[in-house]
Amino acid sequence: MKIVSLVGARPQFVKEALVGQAARESGAWDHVLVHSGQHYDPDMSDVFFKEFGMPRPQHHLGVGSGSHGAMTAAVLAAMEEVLLAERPQALMVYGDTNTTLAGALAAAKLRIPIIHIEAGIRQKPRDMPEEINRVLTDHLASRLLCCSSLGARNLAAENIRQGVHVAGDIMLDVFLRLRPRFAPAAASAARGVVPGGYFVATLHRDFNVDRPEPLSAILTGLSRLSASTGMPVLLCLHPRTRQRMERFDLIRAADGLVLLPPVGYIELMSLVCASAAVLTDSGGLQKEAYYAGRRAVVLMPDTGWRELIECGFNLLCPPEADRVVAAGQAVLAPVAPPPAVYGCGETAAAIVTVAQELLSSCS
Ligand code: UD1
């Protein structure tokens, strides 16, 4: 029995690290790893393989960057060849990237069942690339692993009821497993900040960074937040955001911010654990802040991780400088984290069980 697991973007490497390990330990199937190449800079890709001791992918599709159509098409064509050569009983895909959708399309046309990890997330705007990718992938999948009951309800609202499992969040497994390696004091000292006395920020969504207005407003808001609280803001810069800041001549709008390159998982979690709070448009980081007991400002019009908004732990914030300052100040107030919203860190085992059950139905 064989499962091909497809990754390509930063958060998927982190998730696959634990799922792949659990799969190999179970010995239940031959786990073939494919890297699409959507993320390719060493600090966007290699660093994660090193940190997690992940095996080299058996196939690297080398697609690189491009328009949505070009990237999705390149992964689709290359994955078709891989799937025809490998002939797996299932394809495993993660989340909502172009890599995810392309892999799912290739498998569906070859009638290979799809296991979708992090299924059932829904958020506005409906036309954002990630939303398109996740809705279509969910409708093609045979097994849908949701992080919470909200995911299962979202799927039911679209008449997807078969093969749906509430398995918890694999990112919580990763967080708990790697927590002994986090070094909050050393990480903050290395970046020249004091534990408890700084913010961590990340920014990469197209609707925030691809036009000068929202990007300028958010950077200005972060600068003013830093000035008003006296706390440095560490802004970890996705290559896309750095390119846009240079193109729009916005490096000056980031005055007063500490600009960092993309950082690896262990360093980022270490910095979050010692931070006062987080500001981000990353789906993963808004949950990871919660796992670290830190509140987050979610720089998005909406989020799939609504549970953390509804209880008031995280705050949604539009790209307006004054609102960024107000939200950043507000999340400094302590609020008790809601308990076990996304399971208790046993998701890798649940994924293995669901995959085994799928494989036994194929034999
Ligand atoms: C992608 C996902 C997003 C996820 C994010 C995690 C899609 C549609 N989006 O967004 O859901 O949250 O990954 O990080 O799949 N670039 C580099 N080096 C790299 C990778 C990208 O310079 O290694 C630059 C390129 O200019 C590229 C741009 O970043 O065009 C955007 O990269 P892309 O993979 O298209 O989307 P992300 O913004 O990374």
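All of the points below concern the structure found in this document. (Residues numbered from 1 in each chain as written. Predicted model: local features only at pLDDT ≥ 70, side-chain atom pairs only at ≥ 80, totals over all residues. Heavy atoms only, no water.)

### Describing the overall build of the chain
Looking only at helices and strands, the chain features 16 helices and 13 strands. Dimensions of the chain, computed from C-alpha atoms along their principal axes, come out at roughly 65 × 40 × 40 Å. Taking all 363 residues of the chain together, 58% fall into the buried category. For the chain, contacts bridging at least 24 residues in sequence account for 70% of all contacts bridging at least 6. Accessible surface, the chain as shown: approximately 14,200 Å² in total, 54% of it carbon and sulfur. (Helix = DSSP H or I, 4+ residues; strand = E, 2+ residues; numbered from the N terminus. Buried < 20%, exposed > 50% of the residue type's maximum accessible area, 1.4 Å probe, protein only. Contact = heavy atoms within 4.5 Å. Areas by Shrake-Rupley, 256 points an atom, 1.4 Å probe, with all protein chains shown as cover.)

### Points about the sheet that holds strand S4 (residues 90–94)
Taken in spatial order, the seven strands of this open sheet run S3-S2-S1-S4-S5-S6-S7, and their pairing is parallel. The sheet terminates laterally at strand S3 (59–60) and strand S7 (164–166), the two strands that pair on one side only. As paired strands, strand S5 (residues 114–119) and strand S6 (residues 143–146) are joined by four bridges and run parallel to one another. Among the inter-strand pairings, Ile117 is bridged to a residue of S6, identified as Leu145. Where helix H5 (residues 129–140) meets the sheet, it contacts S4, S5 and S6, and its direction lies at approximately 140° from that of S5. (Pairing = 2+ DSSP bridges. Axes fitted to C-alpha atoms, helices over the stretch in contact; angles between N-to-C directions.)

### A word on the site of the ligand
Taken together, 22 residues lie near the ligand, and Gln38, His39, Tyr40, Glu130 and His238 sit nearest. Residue Arg10 places a side-chain N or O atom 3.5 Å away from an oxygen atom belonging to the ligand. In this structure, Gln243 approaches the ligand through a side-chain N or O atom, which is 3.1 Å from an oxygen atom. Expressed as a share of its isolated accessible area of 730 Å², the protein-covered part of the ligand is 90%. Sorting the residues of the shell around the ligand by element identifies helix H1 (10–26), helix H3 (68–86), H5 and helix H11 (239–247) as the ones contributing at least two each. By residue class, the composition of the shell around the ligand is seven nonpolar, nine polar and six charged. (Near = heavy atom within 4 Å. Polar contact = N/O pair within 3.5 Å; in protein donor to acceptor, adjacent residues only side chain to side chain. Nonpolar A, V, L, I, M, F, W, Y, C, P; charged D, E, K, R; others polar.)

### Some words on the nonpolar core
One broad rule of soluble globular proteins: the nonpolar side chains tend to lie buried together. Counting 66 residues, the largest nonpolar core has Phe52, Met92, Ile115 and Tyr265 as its most contacted members. Once residues lying within four places of it in the same chain are set aside, the contact partners of Ile115 are Ile3, Ala90, Leu91, Met92, Val93, Arg143, Leu145, Ala355 and Leu358. Leu225, Val233, Leu235 and Val297 belong to the second-largest nonpolar core, a separate cluster that totals 28 residues. (Core = buried A, V, L, I, M, F, W, Y, C linked by side-chain atoms within 4.5 Å.)

### Quick word on the environment of Ala104
Positionally, Ala104 belongs in helix H4 (residues 98–109). Contact partners of Ala104, with chain neighbours within four places excluded, come to Leu91, Val93, Ile114, Thr137 and Leu140.

### Thoughts on H11
All of the buried residues in H11 are Thr241, Arg244 and Met245. The buried side chains of H11 occupy one side of the element, clustering within an arc of 100° when seen end-on. The elements touched by buried residues of H11 are strand S8 (199–203), helix H9 (206–209), helix H10 (212–229), strand S9 (233–237) and strand S10 (258–260). Once H11 ends, the next one or two residues include Asp249, with phi positive near 55°. (Arc of directions from axis to C-beta.)

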